[in-house]
Amino acid sequence: MADTNDVRIIGNVGNDPSEYEGNGFKVASMSVATKHSWKGRDGEWNERTDWHRVSAFGKLAEWCIGTLRKGNRVRVEGRLQTDVVEDKYGKKNYYTKIVARKVELQ
């Protein structure tokens with residue numbers, strides 16, 4: 001059986017996409033919030049918001065930068081990627097993001 005690394009989320013854009021160049025191509029970076037609700041044992045409803053880092057590249061990045069704004073509802077499809085960044089004290093920090101292959105307004 002082949003390995004898979006696929007993720008799909010539907011949520012709200014948390015900030016206007018930021019733009020930068022990476023290895024000669026355009027990159028868009030943004031956050032997307034998703035919510036989960038459940039009924040607790042006490043009968044009360046609870047809600048949790050999770051924030052997801054999303055990066056898009058090339059033409060998809062251009063579309064995200066030109067189209068998306070804070071608050072837009074989007075569907076993101078892509079793969080998970082964990083980056084390791086070492087701070088000035090030598091401590092490794094791990095950041096997991098979604099590398100988007102598809103982003104659509106909902």
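Note: the structure precedes this text.
A few points on the structure. Only a predicted model underlies this, so the values are computations on that prediction, with no experimental measurement involved.

### Points about the packing of aromatic side chains
- For the structure shown, the criterion picks out one aromatic pair.
- Both rings, one in F25 and one in F57, keep their centres 5.7 Å apart while their planes meet at 65°; by these two values the pair is edge-to-face. With F25 in strand β3 (residues 25-39) and F57 in strand β4 (residues 45-57), this residue pair connects regions lying 32 residues apart in the sequence.
- When its relative accessible area of 34% is taken as the criterion, F25 is described as partly exposed.

### Let's talk about the pairing of β4
- Bridging between β3 and β4 involves 13 bridges; their strand directions are antiparallel. Each residue of the ladder has a partner; that of S31, found in β4, is R53.
- Between β3 and β4, which follow one another and run antiparallel, lie five residues, and G43 among them has a positive phi close to 90°.
- The sheet contact formed by β4 and strand β6 (residues 92-105) spans three bridges and is parallel. Its bridge partner being in β6, S55 is matched across the sheet by V99.

### Brief notes about helix α1 (residues 58-67)
- Where α1 is concerned, the buried positions are L60, A61, C64 and I65. For α1, the arc enclosing every buried residue in end-on projection is 135°, short of the 170-degree limit, so these residues lie on one face. Facing away from the buried side of α1 by over 90 degrees, the exposed positions are K59 and G66.
- Turning to α1, the residues buried within the fold contact β2 (18-22), β3, β4 and β6.

Procedures and definitions
- Residues numbered from 1 in each chain as written.
- Predicted model: local features only at pLDDT ≥ 70, side-chain atom pairs only at ≥ 80, totals over all residues.
- Heavy atoms only, no water.
- Phe/Tyr/Trp six-rings, centres within 6.5 Å; stacked < 30°, edge-to-face > 60°.
- Helix = DSSP H or I, 4+ residues; strand = E, 2+ residues; numbered from the N terminus.
- Buried < 20%, exposed > 50% of the residue type's maximum accessible area, 1.4 Å probe, protein only.
- Pairing = 2+ DSSP bridges.
- Arc of directions from axis to C-beta.
- Contact = heavy atoms within 4.5 Å.

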